[in-house]
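Understanding the architecture of this molecule
One-letter residues, chain by chain:
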Amino acid sequence: MRKLVTMLMLVFGLGLASSQSIYYDAYRSSNNDVNWQTVIADLLLSNTQKDQLFALNNRYTDYNSWNRYYGTNPDRWRTDRYSEIERILGADNYIKFKNKYYKGQNPVAFYNRNKNNEKVYKTYKKYYKKQAKKGKHKGHSHGKKGRIPLTV
């Protein structure tokens, strides 16, 4: 019995880590799939905006740094990232950016749609929803009031 429980914990733990790395891979793609030099040139961004974009893109240089921040709520990276890009670019430039790289679609919706195709995500969210009901894994609010820890 003890071996069975250990085996289940190991398999579930590996599945959970794998699902988080899928989120991280999507995060990295959101950085790497955009030619930021072209964005800067096309939108005529200032040096300050350029520096802020590069700082944002280099914020989480590896999985461990990303996981420390988003580990308990990996869905949140999309909203955080794209609201920060909108703040840096400004509303008009953000619309131009969105039209060029996401065909006018909301980037958060773009990544959510791709995410929902993965069975792993459903398992991950189900587990964390259960944990949240038990009072564990409440997510990071990082000073933002009213943040819901899990997206359902």
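Residues numbered from 1 in each chain as written. Predicted model: local features only at pLDDT ≥ 70, side-chain atom pairs only at ≥ 80, totals over all residues. Heavy atoms only, no water.

A word on the packing of aromatic side chains. The way to describe two aromatic rings as a pair is by their centre distance and the angle between their planes. Counting across every chain of the model gives 16 aromatic pairs. Ring geometry for Trp-36 and Phe-97: centres 5.6 Å apart, planes at 25°, overall stacked. One end of the pair, Trp-36, is in helix α2 (residues 36-42); the other, Phe-97, is in helix α6 (residues 91-102), with 61 residues separating them in the sequence. Measuring from centroid to centroid gives 5.5 Å for Phe-97 and Tyr-101, while their planes differ by 40°, and the two rings are tilted. One end of the pair, Phe-97, and the other, Tyr-101, are both in helix α6, four residues apart, so they sit about a helical turn from each other. Residue Tyr-101 is classed as partly exposed on the basis of its relative accessible area, which comes to 23%. (Phe/Tyr/Trp six-rings, centres within 6.5 Å; stacked < 30°, edge-to-face > 60°. Helix = DSSP H or I, 4+ residues; strand = E, 2+ residues; numbered from the N terminus. Buried < 20%, exposed > 50% of the residue type's maximum accessible area, 1.4 Å probe, protein only.)

Right, let's get into the packing of helix α5 (residues 76-89) against α6. Contact pair α5 / α6: the axes reach a minimum separation of 7 Å and the direction vectors enclose 125°. Classed by the angle they form, the pair α5 and α6 counts as oblique. Between α5 and α6 lies a crossing whose hand is right-handed. For the pair formed by α5 and α6, the contact residues are Tyr-82, Ile-85, Glu-86 and Leu-89 on the first element and Ala-91, Asn-93, Tyr-94, Phe-97 and Tyr-102 on the second. (Axes fitted to C-alpha atoms, helices over the stretch in contact; angles between N-to-C directions. Parallel < 35°, antiparallel > 145°, perpendicular 65-115°, else oblique. Left-handed = near helix turned anticlockwise from the far one by under 90°. Contact = heavy atoms within 4.5 Å.)

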